[in-house]
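Given next are the chains, with one letter for each unit.
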2 protein chains.
Amino acid sequence: MKTIRYPEKNTWETLLQRPSNDYKKLDETVSIVIEDIRLNGDAAIKKYTLQYDKVSVQDICVSLNEINTAEKKIDAKLKQAIRIAASNIKKFHKAQKQKELVISTMHGVVCRQKSIPIDKVGLYIPGGSAPLFSTVLMLAIPAQIAGCKEIILCTPPSADGSIHPAILYAAKITGVKKVFKAGGIQAIAAMAYGTESIPAVYKIFGPGNQYVTAAKQILSRYKVAIDMPAGPSEVAVMADNSAVPAFVAADLLSQAEHGADSQVILVSTSEKFIEKVNIEMEKQVLLLSRKEIAIKALENSKAILVKNEKEMLELIQRYAPEHLIISTKNHRKIARMITNAGSVFLGNFTPESAGDYASGTNHTLPTNGWARSFSGVNLDSYYKKITFQEITQTGLDKIGPIIELMATAEELTAHANAVKIRRQFKKKDNTL
Amino acid sequence: MKTIRYPEKNTWETLLQRPSNDYKKLDETVSIVIEDIRLNGDAAIKKYTLQYDKVSVQDICVSLNEINTAEKKIDAKLKQAIRIAASNIKKFHKAQKQKELVISTMHGVVCRQKSIPIDKVGLYIPGGSAPLFSTVLMLAIPAQIAGCKEIILCTPPSADGSIHPAILYAAKITGVKKVFKAGGIQAIAAMAYGTESIPAVYKIFGPGNQYVTAAKQILSRYKVAIDMPAGPSEVAVMADNSAVPAFVAADLLSQAEHGADSQVILVSTSEKFIEKVNIEMEKQVLLLSRKEIAIKALENSKAILVKNEKEMLELIQRYAPEHLIISTKNHRKIARMITNAGSVFLGNFTPESAGDYASGTNHTLPTNGWARSFSGVNLDSYYKKITFQEITQTGLDKIGPIIELMATAEELTAHANAVKIRRQFKKKDNTL
């Protein structure tokens, strides 16, 4: 990991730049697959599954039998861990429920705001080397709490045509009704348009590679809502001498092992501390099963030495990291000043992996600077807020003239007329 | 307005189709303007303002003097109306504030969720025939309540280079710090990238024509968040014999006058009622200042006669209207069953224009079926929710093994290690 000592502010923008991604270069490929799924449904899914996942799938829909036998294939201890994590996630997300709001803004004018679950949601779980059952918990539990009527899940099958039992187990205990063997662009397009097997949904959640992200973004323009724009995972650590170098090194590595394109940033006021972390990382990285990936990610990563705490905070705010670990003496004070981050981990005994799996917070978070404007997935992501209003005849008499004046000033006479005609009705004793 | 009698369910999809919009056809033009603004800033804005708005602007930034003299140009009664409307909108949006959530999910594991305002937001107010000062209230008031640090507003200048005083007045009383004379694609691109005059923001709000929408959607892919995908405005009215035909006609017309591409749908169980509404509309439309527009919009509009209330509800749910007026005997009961709509207006004395201007609810709402997955603009649109967590040494001892088991099962050993190394630390009496 390269160390940058006391960078000038005018170099920060370049310094904090994420690896750029030509967002348009995949569009043609992605659009062709989307159109094929729209026109040819299941047959096209099977074709691409054979092409990309190298497996011929007979039935896209995972059978009840597959789901039930999955449970038997998982170690009891892992099942228990998954259940405890699920219970924590449930507790934290359930607490996010919002009551219906009823406000009388004027006499006879009652306005309401009600959170109503999105009827149909689709969850996408990527394939690849590791079975991301934790993401099933993170995406399905809030959907279940919100009460979405249809919760479906797509994930690519492995080489033998099966889905990892831990994914099926996590889906089962979190109320996912239907699981489908479909990955990549084809899964996203199928959930947007619907096929013979896969029902169309109104919002798609979940991470994925650049093809999946491109498909989500293209379809979000005209067909389906998505959780957020996704990019490679990232962590920033703020640390002073109160932090333990071995812990910080372990946290940085746990981000680096995600992928060669992961970003890891350490900001500190102590040069000595940075040196110690680097030494620790060199030791720890050798013990990792994914050490090649971690080493690659560390090549894009930076340790930044800053003058003081104020500068440390300013730099982090500018970066807006997905994950932020604050390991400083006054970590709570600093946390109160953070306004741009996805999820924040405080103190020496709060590793990022706690939030990745089991503490209760969600791990689907905004990357690539989107933490400036986006929330991570939370209970609200599965609702839309609908407003309702009811005005009495007397209420309209009071608010009516205001509406008429404003509508007339905006030159929208029909808007004014909709009030006027009702007020006339009143004046003439309930006839027009 | 064409009447469709008892349509078969298999025809609903076609029947409820919105006028389609080739979302890609403008992309080339829009992308060229975006790139020009990115590279040439203010100079490019001035060029396009001359080209599209036919006015040469010296200073893009509206001066304090212009803002202060604006106030003097507006009728006192209109000012008072604007202030009362603002007060209602403030009341309803302030009530949407959420407290910080603090949940201990396990012993020693504390998770928080905190709503933090987006630092910088940009509001777009379209130009055109009417000065949409009501939209200034709808977009700026929640930004002000949320406490966004930078609130800017762009709107195209009129032919004489000025901004309508009512827009400036609304901006002044709602805490907008800077107003800029820029419209269309150039305004959106400027707020995304920043220019010499216009600061870059993190999220852009507000309606606009198809060019503005395309610019927002293109930039939302990689640069800036947006409120929602926008389309032509629409209303659906559910009415039975308890409704007053003249009121329903006035409501339908108040939607139709928005634009030739507006959509208006009436659903009723009574053929006689539909006839009466049609007769009323023919009378009322002649009195409108924008009658040509309204007549055009009515050509795309439909009155649908259905068999019963159940079918009426089902059809509306399928359509997912931006605005829904329920004028039936049991309007409250029906309202409780609505899950797909932007904003709902109940009973005979609640015209849509109340919500457009003054009742307190927001008028920036999802169109084109997006009400299935999107909320209208609300206080939450100006926040992102950040999670925080802090685990004690004892807490990690409890939750640690769960994390280790799950991380190992996902083959992410560095994630497991970040926990293990901390737990070892504890065991050996605070040394590693």
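Residues numbered from 1 in each chain as written. Chains lettered and ligands numbered in written order. Predicted model: local features only at pLDDT ≥ 70, side-chain atom pairs only at ≥ 80, totals over all residues. Heavy atoms only, no water.

Colleague: Could you give an account of the overall build of chain A, naming the residues involved and the relevant values?
Modeller: When you go through chain A residue by residue, the secondary structure sums to 16 helices and 14 strands. Summarising its shape, the C-alpha atoms of chain A cover approximately 90 × 60 × 45 Å along the three principal directions. Residue burial in chain A is summarised as follows: out of 432 residues, 63% are buried. The contacts in chain A between residues at least 6 apart in sequence include a share of 74% that link residues at least 24 apart. In the form shown here, chain A has an accessible surface area of approximately 16400 Å², with 51% of it arising from carbon and sulfur atoms. (Helix = DSSP H or I, 4+ residues; strand = E, 2+ residues; numbered from the N terminus. Buried < 20%, exposed > 50% of the residue type's maximum accessible area, 1.4 Å probe, protein only. Contact = heavy atoms within 4.5 Å. Areas by Shrake-Rupley, 256 points an atom, 1.4 Å probe, with all protein chains shown as cover.)

Colleague: I'd like to hear about the sheet that holds strand β4 (residues 120-124) of chain A, residue by residue, with values.
Modeller: Residues and elements named next belong to chain A. Taking strand neighbours across the sheet as the criterion, the 5 strands line up as β6-β5-β4-β7-β8 in an open arrangement whose pairing is parallel. Of all the strands in the sheet, just β6 (178-181) and β8 (225-226) have a single pairing partner and so form its edges. With 4 bridges joining them, strand β5 (residues 150-155) and β6 adopt parallel strand pairing. Within the sheet, the bridge partner assigned to T155 lies in β6 and is K181. Across the face of the sheet, helix α7 (residues 184-193) comes into contact with β4, β5 and β7 (203-205) while running at roughly 175° to β4. (Pairing = 2+ DSSP bridges. Axes fitted to C-alpha atoms, helices over the stretch in contact; angles between N-to-C directions.)

Colleague: How would you explain the pattern of salt bridges if you had to name every residue and give the values?
Modeller: For the coordinates displayed, the defined rule picks out 40 salt bridges over all chains. Note that R423 of chain A and D397 of chain A form a salt bridge whose closest N and O atoms lie 3.5 Å from each other. Of this pair, R423 of chain A sits in helix α16 (residues 413-427) while D397 of chain A sits in helix α15 (residues 393-409), and the two are 26 residues apart along the sequence. Owing to a relative accessible area of 16%, R423 of chain A belongs among the buried residues under this scheme. On the basis of relative accessible area, D397 of chain A is assigned to the partly exposed category, the value being 28%. The closest approach of N and O atoms between R423 of chain A and E404 of chain A, which form a salt bridge, is 3.0 Å. Of this pair, R423 of chain A sits in helix α16 while E404 of chain A sits in helix α15, and the two are 19 residues apart along the sequence. Taken together, the shared-partner salt bridges in this structure form one network comprising D380 and K385 of chain A together with D380 and K385 of chain B. (Salt bridge = Lys/Arg side-chain N within 4 Å of Asp/Glu carboxyl O.)

Colleague: With reference to specific residues and values, describe the packing of aromatic side chains.
Modeller: Taken as a whole, this structure holds 12 aromatic pairs over all chains when the rule is applied. Taking 5.5 Å as the distance between ring centres and 90° as the angle between the ring planes, the aromatic pair formed by W370 of chain A and F374 of chain A counts as edge-to-face. Assessed through its relative accessible area of 23%, F374 of chain A is described here as partly exposed. Judged by centre distance (6.0 Å) and plane angle (55°), the rings of F425 of chain A and F349 of chain B are tilted. Within this pair, whereas F425 of chain A is found in helix α16, its partner F349 of chain B is found in the loop between β13 (343-346) and α14 (352-357), the two belonging to separate chains. Since its relative accessible area comes to 12%, F425 of chain A is described here as buried. Three or more aromatic residues link up through ring pairs in this structure, and these residues are F247 and F349 of chain A together with F425 of chain B. Lying over the aromatic face of Y319 of chain A, R18 of chain A brings its terminal NZ or CZ to 3.8 Å of the ring centre. (Phe/Tyr/Trp six-rings, centres within 6.5 Å; stacked < 30°, edge-to-face > 60°. Lys NZ or Arg CZ within 6 Å of the ring centre and 35° of its normal.)

Colleague: I'd like a description of the interface of chain A and chain B, backed by residues and values.
Modeller: Taken residue by residue, the interface counts 127 residues in chain A and 129 residues in chain B. On inspection of chain A and its partner chain B, the count reaches 8 salt bridges. In this structure, D27 of chain B engages R221 of chain A in a salt bridge whose closest nitrogen and oxygen atoms are separated by 2.8 Å. Our enumeration of links across chain A and chain B arrives at 68 residue pairs in polar contact (both at pLDDT 80 or more). Of the residues belonging to the side of chain A that touches chain B, the class tally is 65 nonpolar, 38 polar and 24 charged. Where strand β13 (residues 343-346) of chain A and strand β14 (residues 383-391) of chain B come together, 4 bridges link them in parallel fashion. Residue pairing for β14 of chain B: L346 of chain A is matched across the bridge by E390 of chain B. (Polar contact = N/O pair within 3.5 Å; in protein donor to acceptor, adjacent residues only side chain to side chain. Nonpolar A, V, L, I, M, F, W, Y, C, P; charged D, E, K, R; others polar.)

Colleague: I'd like a rundown of the relation of the copies chain A and chain B, residues and numbers included.
Modeller: In screw terms, the move from chain A to chain B is a rotation of 180° and a rise of 0.0 Å along the axis, fitting with an RMSD of 0.0 Å. Here the copies are linked by what is in effect a two-fold axis. Closest approach to the rotation axis among the C-alpha atoms of chain A is made by Q98 of chain A, whose C-alpha sits 4.4 Å away. The share of interface residues of chain A whose copies in chain B are also at the interface is 100%, consistent with both copies meeting through the same surface. (Least-squares fit on C-alpha atoms with pLDDT ≥ 70 in both.)

Colleague: Tell me about the nonpolar core, and please be specific about residues and values.
Modeller: The biggest cluster of nonpolar side chains holds 71 residues, and the ones touching the most others in it are M406 of chain A together with V121, L123, L137 and Y382 of chain B. Per element, the largest residue contribution to this core is 10 residues, and it comes from helix α5 (residues 133-146) of chain B. Core analysis: the second largest hydrophobic core is formed by 70 residues, A85 and I167 of chain A together with I391 and A418 of chain B among them. (Core = buried A, V, L, I, M, F, W, Y, C linked by side-chain atoms within 4.5 Å.)

Colleague: With reference to specific residues and values, describe the environment of E196 of chain B.
Modeller: Residue and element names in this part refer to chain B. With respect to the helices and strands, E196 occurs in the loop between α7 (184-193) and β7 (203-205). Measuring from C-alpha to C-alpha, the distance between E196 and K2 comes to 52 Å, with 194 residues separating the pair along the chain. Excluding anything up to four places from it in sequence, E196 contacts N40, G41 and D42. A polar side-chain atom of E196 sits 2.8 Å from the main-chain amide nitrogen of D42.

Colleague: Let's hear about unusual backbone geometry: which residues, and what values?
Modeller: For Y6 of chain A, which is not glycine, the phi torsion reads 40° and is therefore positive. Along the chain, Y6 of chain A falls in the loop between β1 (2-5) and α1 (12-15). Here A320 of chain B, not a glycine, exhibits a phi torsion of approximately 55°, which is positive. If you trace the backbone, A320 of chain B turns up in the loop between α12 (309-319) and β12 (323-327).

Colleague: Would you mind going over the side chain of Q317 of chain B in detail, with residue names and values included?
Modeller: All names here are of chain B. Positionally, Q317 belongs in helix α12. Exposure remark for Q317: the relative accessible area of 15% places this residue in the buried category. Excluding its chain neighbours within four sequence positions, the residues that come into contact with Q317 are M337, I338, T339 and N340.

Colleague: Break down helix α4 (residues 76-94) of chain B for me, citing the residues and quoting the values.
Modeller: Over its 19 residues, α4 of chain B extends 26 Å from the first C-alpha to the last, a length consistent with the 27 Å expected when each residue adds 1.5 Å. Sitting at the head of α4 of chain B, D75 of chain B places a side-chain oxygen 3.1 Å from the backbone nitrogen of K77 of chain B. (Expected span 1.5 Å × (residues − 1).)

Colleague: Quick rundown of the sheet that holds strand β4 (residues 120-124) of chain B? Include the residues and the values.
Modeller: Sheets are built from strands paired through backbone hydrogen bonds, the pairs being either parallel or antiparallel. Ordered by their spatial adjacency, 5 strands build an open sheet running β6-β5-β4-β7-β8 (chain B), and the pairing between neighbours is parallel. Strands with a single pairing partner mark the edges of an open sheet, and in this sheet they are β6 (178-181) and β8 (225-226) of chain B.

Colleague: Can you tell me about helix α9 (residues 245-256) of chain B, naming the residues and giving the values?
Modeller: Residue and element names in this part refer to chain B. Helix length check: α9, at 12 residues, gives a terminal C-alpha distance of 16 Å against a target of 16 Å (1.5 Å per residue), a fit within 8%. Where burial is concerned, most of α9 is hidden: 12 out of the 12 residues are buried. Listed in full, the buried residues belonging to α9 are P245, A246, F247, V248, A249, A250, D251, L252, L253, S254, Q255 and A256.

Colleague: Can you lay out the pairing of β5 of chain A for me, pointing to particular residues and giving the numbers?
Modeller: Residue and element names in this part refer to chain A. Burial runs high along β5: 6 of the 6 residues are buried. Taking every second residue as pointing to the same face, both faces of β5 are buried, with E150, I152 and C154 on one and I151, L153 and T155 on the other. For β4 and β5, the ladder comprises 5 bridges, and the chain directions are parallel. Bridged to L123 within β5 is L153. In terms of handedness, the path from β4 via helix α5 (residues 133-146) over to β5 forms a crossover that is right-handed. Each parallel crossover has a hand, and the one from β5 via helix α6 (residues 165-173) to β6 is right-handed. (Right-handed = clockwise from strand over helix to strand, strands pointing away.)

Colleague: Just give me the short version of the pairing of strand β11 (residues 302-305) of chain A, but keep the residues and values in it.
Modeller: Residues and elements named next belong to chain A. Along β11, one buried face is formed by K302 and I304 and the opposite face, lined by A303 and L305, is buried too. Note that β1 and β11 share 4 bridges and pair parallel. Paired with R5 across the two strands is L305, which belongs to β11. Examined bridge by bridge, strand β10 (residues 263-268) and β11 share 4 bridges and lie parallel to one another. By the bridge assignment, L266 is partnered in β11 with A303.

Keep in mind these numbers describe shape, not what the thing actually does.
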